[in-house]
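So you can see what is in the structure, the chains are spelled out below.
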Amino acid sequence: MAFRNIPLALALAVSAVTAGANMAPSAAVAQKAKAGKAAGGSMKGLLGNASDSALDQLSRPGAFYADQAVRILLPGPLQKATKLMKLTDKAGLTNNLTRSINDAAGLAAQEAKPVFRSAIDSMTLTDGVGIVTGGDTGGTQYLRRTSGDVLRQKMRPLVSDALGKTGALKQLDSLGRGGGTGSMLGALAGVDLSRDGLIDSVTDQAMSGIFTYIGREESNFRKNPLKAGQKLLDAVTGK
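This report concerns the structure included in the present document. Remember, it's a predicted structure, so these values are computed and weren't measured experimentally. Residue indices follow the written sequence of each chain, beginning from 1 at its first position. Selection of residues for local features in this predicted model requires a pLDDT of at least 70, selection of side-chain atom pairs for listing and counting requires 80 or more, and totals for whole chains, interfaces and linings are taken over all residues. Values shown for side chains rest on all heavy atoms present in the structure; no hydrogens or waters enter the calculation.

## Considerations on the overall build of the protein
Which entries qualify depends on this criterion: Segments assigned H or I by DSSP are reported as helices when at least four residues long, segments assigned E as strands when at least two residues long, and all are numbered from the N terminus. Only protein chains enter the calculation, and the probe is 1.4 Å; a residue is then buried if its accessible area is under 20% of its type maximum, exposed if over 50%, and partly exposed in between. By definition in these notes, contact holds between two residues if any of their heavy atoms fall within 4.5 Å. Computed with the Shrake-Rupley method and a 1.4 Å probe, the accessible areas treat only the protein chains shown as cover for residues.
Scanning the protein from terminus to terminus reveals 12 helices and zero strands. N-terminal to C-terminal, the α/β element order of the protein is α-α-α-α-α-α-α-α-α-α-α-α. For the protein, with 239 residues in total, the buried portion stands at 44%. Intrachain contacts of the protein at a sequence separation of at least 6 include 83% that bridge at least 24 residues. Carbon and sulfur atoms make up 54% of the accessible area of the protein, which amounts to about 11,900 Å² in all.

## Digging into helix H8 (residues 138-165)
Residues spaced three or four apart along an α-helix face the same direction, because each turn holds 3.6 residues. Worth spelling out the cut-off: Helix span is expected to be 1.5 Å times the residue number reduced by one. Bend is computed residue by residue as the angle between axes fitted to the seven residues ending at the residue and the seven residues starting at it.
Spanning 28 residues, H8 covers only 35 Å between terminal C-alpha atoms, well under the ideal 40 Å at 1.5 Å per step. The sharpest bend along H8 reaches about 70° and sits at serine 147. Along H8, the residues that are buried comprise Gly138, Gly139, Thr140, Tyr142, Leu143, Ser147, Gly148, Leu151, Met155, Val159, Ala162 and Leu163. Just past H8, the residue glycine 167 takes up positive phi, approximately 85°.

## Observations concerning the packing of H8 against helix H11 (residues 195-222)
Rules: Structural elements are reduced to axes, namely lines fitted to C-alpha atoms, with helices fitted over the stretch in contact, and the angle between N-to-C directions of any two is expressed from 0 to 180 degrees. For classification purposes, an angle smaller than 35 degrees is called roughly parallel, one larger than 145 roughly antiparallel, one from 65 to 115 roughly perpendicular, and anything else oblique. In this scheme, a crossing is called left-handed if the near helix is turned counterclockwise away from the far one by less than a right angle; it is called right-handed if the turn is clockwise. Three classes are used: nonpolar for Ala, Val, Leu, Ile, Met, Phe, Trp, Tyr, Cys and Pro, charged for Asp, Glu, Lys and Arg, and polar for all others, with Gly counted as polar.
Where H8 contacts H11, the two axes come as close as 8 Å, and the packing angle between them is 140°. When the interaxial angle is binned, H8 and H11 end up oblique. Every pair of crossing elements has a handedness; the one defined by H8 and H11 is right-handed. Its residues assigned to classes, the contact of H8 with H11 comprises 12 nonpolar, eight polar and eight charged.

## Notes on the pattern of salt bridges
Close approach of charged atoms allows side chains of opposite charge to pair. This is how the line gets drawn: We define a salt bridge as a side-chain nitrogen of Lys or Arg found within 4 Å of a carboxyl oxygen belonging to Asp or Glu.
In total, this model carries nine salt bridges according to the counting rule given. Across the pair arginine 152 and aspartate 204 runs a salt bridge, and its minimum N-O distance is 2.5 Å. Remark: aspartate 204 occurs in helix H11 and arginine 152 occurs in helix H8; sequence separation between them is 52 residues. Among the ionic contacts, a cluster of salt bridges with common partners joins Arg152, Arg156, Asp196, Asp200 and Asp204.

## A look at the environment of leucine 198
Following the sequence through the fold, leucine 198 ends up in helix H11. According to the relative accessible area criterion, leucine 198 is buried, its value standing at 1%. Sequence separation between leucine 198 and leucine 74 is 124 residues; the distance between their C-alpha atoms is 7.4 Å. With near-sequence residues (within four places) excluded, leucine 198 lies in contact with Leu74, Pro75, Ile101, Leu163, Leu169 and Leu172.

## Examining the environment of threonine 140
As for its placement among the helices and strands, threonine 140 is situated in helix H8. Taking the C-alpha atoms as reference points, threonine 140 and serine 51, 89 residues apart in sequence, are found 8.9 Å from one another. Setting aside anything within four residues of it in sequence, one finds threonine 140 in contact with Leu47, Phe211, Ile214, Gly215 and Glu218.

## Concerning the nonpolar core
Within soluble globular proteins, side chains that are nonpolar generally end up buried alongside one another. Selection criterion: Residues grouped as a nonpolar core are buried Ala, Val, Leu, Ile, Met, Phe, Trp, Tyr and Cys residues, joined through side-chain atoms within 4.5 Å.
Among the nonpolar cores identified, the biggest contains 43 residues, and Phe64, Ile101, Phe116 and Leu163 are the most heavily contacted of them. When residues no more than four places from it in sequence are discounted, the contact partners of phenylalanine 116 are Ser51, Leu55, Leu143, Leu151, Met155, Met207, Ile210, Phe211 and Ile214.

## With respect to the packing of aromatic side chains
Here a ring pair, both rings aromatic, is described through the centre-centre distance and the interplanar angle of the planes. Defined as follows: Aromatic contacts are taken between Phe, Tyr and Trp rings whose centres are within 6.5 Å, Trp giving its six-membered ring; a plane angle under 30 degrees counts as stacked, one over 60 as edge-to-face, and the others as tilted.
Evaluated as defined, the whole model comprises one aromatic pair. Taking 5.9 Å as the distance between ring centres and 65° as the angle between the ring planes, the aromatic pair formed by phenylalanine 116 and phenylalanine 211 counts as edge-to-face. Taken together, the residues phenylalanine 116 in helix H6 (residues 113-121) and phenylalanine 211 in helix H11 connect sequence positions 95 residues apart. Relative accessible area serves as the criterion here: at 0%, phenylalanine 116 is assigned to the buried category. The class for phenylalanine 211 is buried, based on a relative accessible area of 5%.

What follows is the structure in structure tokens.
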């Protein structure tokens, strides 16, 4: 176990040992059960706060586009066609479609808090205890592994609605009208620039970016072991 995770993983053990040294076996078992419940609840709280913070950051205007690590790109091989997109933007053919889809991802993130909170709240206390020692992003990885598909299903309509609000879908429609530039770009890249194709691509990339940010926030919390351990210890002892 990494040293920085000791307070998160062992604060409950310290409490159980100290408080239960002179206890009868049944009392010690009860104390350990209380400690486990506190640990599980604490991890759910940690992950919930990390999720809220990540979505707050990504919902700020221009956040997705500004961060190269999570910037939303057009589907498939078009991700490599940045020079072509710049030329078509300058010519007024694409009206900065890339920026529009990134703005849509930010709007979707703004609406996604209850979606992610619901998934986190459905975690069991046993799940929470199990990811206490799961590494810097153990909770994020667990959430992605167990709830990623469900979260994506709930995010897709949010992304679709946001793409409509930013005008991205309208831009896409105008590009493909009459076999124009949209069809040309699609043929060049070997992808189908349909509405459904764009919605799916933006949803997948937005989900990846959100999990990246949640992982960062979880890691930042874990890197302050004294503060994290004290909070957990306080929860166990009822302070």
